[in-house]
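The residues making up each chain are set out below.
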Amino acid sequence: MLLSLRVSLLAVVFAALIGLPLGAALAVGRFPGRRALIILVNALMGLPPVVVGLLVYLALSRSGPFGVLGLLYTPTAMIIAQVVLVTPIIAALTRQTVEMLDAEYAETLRSLGVSRLASVPTLLWDGRLALMTALLAGFGRAIAEVGAVMIVGGNINHVTRVMTTTIALETSKGNLALALALGAVLVILSVLITGAVSMAGMRSASQEVRHA
Amino acid sequence: MREGAAFRTDPRLLEASGLRLSKQGVALLNIDKLVLDGAGPTLILGPNGAGKSLLLRCLHGMIQPDAGEVRQGGRRLDSLACGRQAMVFQQPVLLRRTVQANLDYVLRRQGLSRMARAERCAELLDMGGLAPRARQWARSLSGGEAQRLAVLRALACDPEILFLDEPSSALDPASTKAVEALVRQAHERGTRVVMVTHDVGQARRLAGDVLVLHRGEVMEHTPAAEFFDRPRSRAARCFLEGRLIL
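Residues numbered from 1 in each chain as written. Chains lettered and ligands numbered in written order. Predicted model: local features only at pLDDT ≥ 70, side-chain atom pairs only at ≥ 80, totals over all residues. Heavy atoms only, no water.

A. Representation of the overall build of chain A within the structure. Broken down by element type, chain A carries nine helices and zero strands. Going residue by residue from the N terminus, the α and β elements of chain A occur as α-α-α-α-α-α-α-α-α. Oriented by its inertia axes, the alpha-carbon framework of chain A measures out at about 65 × 45 × 25 Å. Looking at the 212 residues of chain A, the share that counts as buried comes to 44%. Across chain A, the fraction of contacts at a sequence separation of at least 24, relative to all contacts at a separation of at least 6, is 72%. When the accessible surface of chain A is totalled, it reaches about 10,700 Å², and 74% of it is carbon and sulfur. Both charge centroids of chain A, one from 14 positive and one from 8 negative side chains, sit 8 Å from each other. (Helix = DSSP H or I, 4+ residues; strand = E, 2+ residues; numbered from the N terminus. Buried < 20%, exposed > 50% of the residue type's maximum accessible area, 1.4 Å probe, protein only. Contact = heavy atoms within 4.5 Å. Areas by Shrake-Rupley, 256 points an atom, 1.4 Å probe, with all protein chains shown as cover. Lys, Arg positive; Asp, Glu negative; His and termini not counted. Charge placed at Lys NZ, Arg CZ, Asp CG, Glu CD.)

Structure follows, in structure tokens:
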């Protein structure tokens, strides 16, 4: 259970570090190929986890380009696979949020002498509530995912076995009660975390409209 | 006129020449020469679509005209007119932060120390009567308060020129009065005020000189006292008599 959390949370953190600036750049930047890139990022949201697992597996396997690092069947490999899965989600949702906010802010920020590049931190900060939802969507994808972590992690007991892969294993062994119980724990865990974050978000949102 | 004006150009002098802007063959702005060198405030009057907002944005450097140039204090305006100019829009766009943080955002860009920022922020809030609202979310302010905050934010960077685009067109009389008071204060402190309005009464209350714009052209530019007595152009006469100009 802790491994599940650690892998998925770290994956979301790294995906956010890549996805937030990337999404903001796509929203604010004006460069050739921007539209194509936006479509690509949006399309990548639908990447099948099994395929991502396979590609990361190929990259990390002994004969692959990163084979020397010996990362296959480690939690690190699982984090890498999940970062690949989650980054497009965060980037695409960030792009949309920041673009909408920018449409509202652009004229004012420009008038205040803020350059396009300098407006990115402002937009990210002022869009923080909506961006939190983007991170939650990414976390939801990561914590629920089986295929990729199964392939690159190998579902090794005490090393790379996470809750989803355990549930898959126990189900195929016929231990339905155990699988169901683990499933319940996973659901509670996921709901608790997303619920807590959105509650924090909602509280600051309601503060914003109070005294309106 | 400020002291020493004879030796160097007044930095608040605003000139535009040969300003042309058209879209899909329709001329939106066509101004040969416009000099704002009086004491002001300059009020820009005209019907919808006359190009008032466009002119303001050109003067502020937010829109690049097809031809012509804008000079402030004798120097060409760079595309980003930081610091020396500020603008208040019809619909204030406030950051999703507290009232205080909205002002601090502008002050921080000027590289002031934390102490100096806090001091200036308190001073501004006092000036706009928003001190009790300092920690409130800016988005929860009423329309009048929001516009006052937008004016304060524009004044925070001590602009030489302050543009206002119908700042009170959506406000009730009390809020309008508060905004006008702030504008008057800015004017008295030596900021050149250039303001677009629909409201002849507002022009009467504030104007030092009046500019009438119609179909993208300057119909007249007259000192206020003279304008309200004997407007030169037909458009201005119609406007003052409350008739519709088409």
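B. Representation of unusual backbone geometry within the structure. Residue and element names in this part refer to chain B. Phi is positive for D158, close to 45°, though the residue is something other than glycine. With respect to the helices and strands, the residue D158 is situated in the loop between α4 (143–156) and β7 (161–165). Taking relative accessible area as the criterion, D158 reaches 57% and is therefore assigned exposed. Notably, E166 is not glycine yet its phi reads approximately 45°, a positive angle. Residue placement: E166 occurs in the loop between β7 and α5 (173–188). On the basis of relative accessible area, E166 is assigned to the buried category, the value being 8%.

C. Structural context of the confidence of the model for chain B. The predicted model of chain B averages 86 in pLDDT, with 93% of residues at 70 or higher. Note on residues 1–6 of chain B: pLDDT under 50 across the span, and four contacts to partners over four residues away in sequence or across chains. (pLDDT = per-residue confidence, 0-100.)

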